[in-house]
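Residue-level structural notes
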Amino acid sequence: MTGLVAGAQAGQETGRDAELVLAFLNTLDVEQGTDALNDEADWQEWAARTGLAPPGDRDHARAVRTALREAVGDPLASDGVPLGSAPIGVTLDDRGVPVLAGADAVGQVLAASVRLSVLGQWDRVKICPADNCRWAFFDHSRNRSRTWCSMRVCGNRTKARIWRERARVRPA
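Considerations on the overall build of the protein
Across its full length, the protein carries five helices and six strands. Each helix and strand of the protein, ordered N terminal to C terminal, gives the series α-β-β-α-α-β-β-α-β-β-α. Put simply, the protein has 172 residues, and 37% of those count as buried. Looking at the protein alone, contacts between residues at least 24 apart form 47% of all its contacts between residues at least 6 apart. In the structure as shown, the protein presents an accessible area of about 10,500 Å², 55% of it carried by carbon and sulfur atoms.

Points about the packing of helix 3 (residues 58–71) against helix 4 (residues 105–118)
Remark: helix 3 packs on helix 4, axes separated minimally by 10 Å, with the N-to-C direction vectors making an angle of 20 degrees. Comparing their axes, helix 4 and helix 3 come out roughly parallel. As for how helix 3 packs across helix 4, the hand of that crossing is left-handed. Residues H60, A61, V64 and L68 of helix 3 form the contact with helix 4, whose participating residues are V106, V109, L110 and S113. Looking at the contact of helix 3 with helix 4 residue by residue, the class counts come to six nonpolar, two polar and no charged.

Considerations on the nonpolar core
Counting 27 residues, the largest nonpolar core has F24, W43, W46, L68 and V125 as its most contacted members. Elements with a minimum of two residues in this core: helix 1 (2–25), helix 2 (40–50), helix 3, helix 4, strand 5 (125–127) and strand 6 (136–138). Among all residues touching V125, those that are not within four sequence positions of it are V21, L22, L25, V72, L116, F137 and F138. The next biggest cluster of nonpolar side chains, apart from the first, holds seven residues, and it includes C128, C133, C149 and C154.

Examining the packing of aromatic side chains
Evaluation of the coordinates by the stated rule reveals three aromatic pairs. Between the aromatic rings of W43 and W46, the centroid separation amounts to 5.7 Å while the plane-to-plane angle is 10 degrees, which identifies the pairing as stacked. Residue W43 and its partner W46 are located together in helix 2, separated by three residues, close to a single helical turn. On the accessibility criterion, W46 (5% relative accessible area) is buried. By the ring-pair criterion, three or more aromatic residues cluster together here, those being F24, W43 and W46.

Thresholds applied
- Residues numbered from 1 in each chain as written.
- Predicted model: local features only at pLDDT ≥ 70, side-chain atom pairs only at ≥ 80, totals over all residues.
- Heavy atoms only, no water.
- Helix = DSSP H or I, 4+ residues; strand = E, 2+ residues; numbered from the N terminus.
- Buried < 20%, exposed > 50% of the residue type's maximum accessible area, 1.4 Å probe, protein only.
- Contact = heavy atoms within 4.5 Å.
- Areas by Shrake-Rupley, 256 points an atom, 1.4 Å probe, with all protein chains shown as cover.
- Axes fitted to C-alpha atoms, helices over the stretch in contact; angles between N-to-C directions.
- Parallel < 35°, antiparallel > 145°, perpendicular 65-115°, else oblique.
- Left-handed = near helix turned anticlockwise from the far one by under 90°.
- Nonpolar A, V, L, I, M, F, W, Y, C, P; charged D, E, K, R; others polar.
- Core = buried A, V, L, I, M, F, W, Y, C linked by side-chain atoms within 4.5 Å.
- Phe/Tyr/Trp six-rings, centres within 6.5 Å; stacked < 30°, edge-to-face > 60°.

Everything listed here is a matter of coordinates, which is why it stays silent on function.
Below you can see the structure in the form of structure tokens.
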């Protein structure tokens, strides 16, 4: 039973980490044309709404977001900005449990990214390949083969476009 409880807790942690990483990656919304990192007030509001530590330097956050989006497959993410580093500290609480300490919002996102990587879940974080979408999503499929953020929207649009292009090229 202990293994089941530990597995359930790990699943909950993975879920929270994935939600945080996705929320950070999706501070850039290509479809809506918005970017929470374009304005200091928006960045502060996003971090507060997400329940994170003080957000820290916005330019650094933008560089980290770009690097993470590129790492999960967004070919349009690279802007040549150096990643730098984010201070992350770990302390032990009174029960001896490791606790993240002294990290700003970006550090918390990076810590969540590391936990996903350590748990073998990082490859489930993906970017929708639709040029007008680019939404980050978590691939829950068993074989990790999901491509689109939504098959009903982005996948369907792309498949219909490809079908129309093929139909146009074929002789009648």
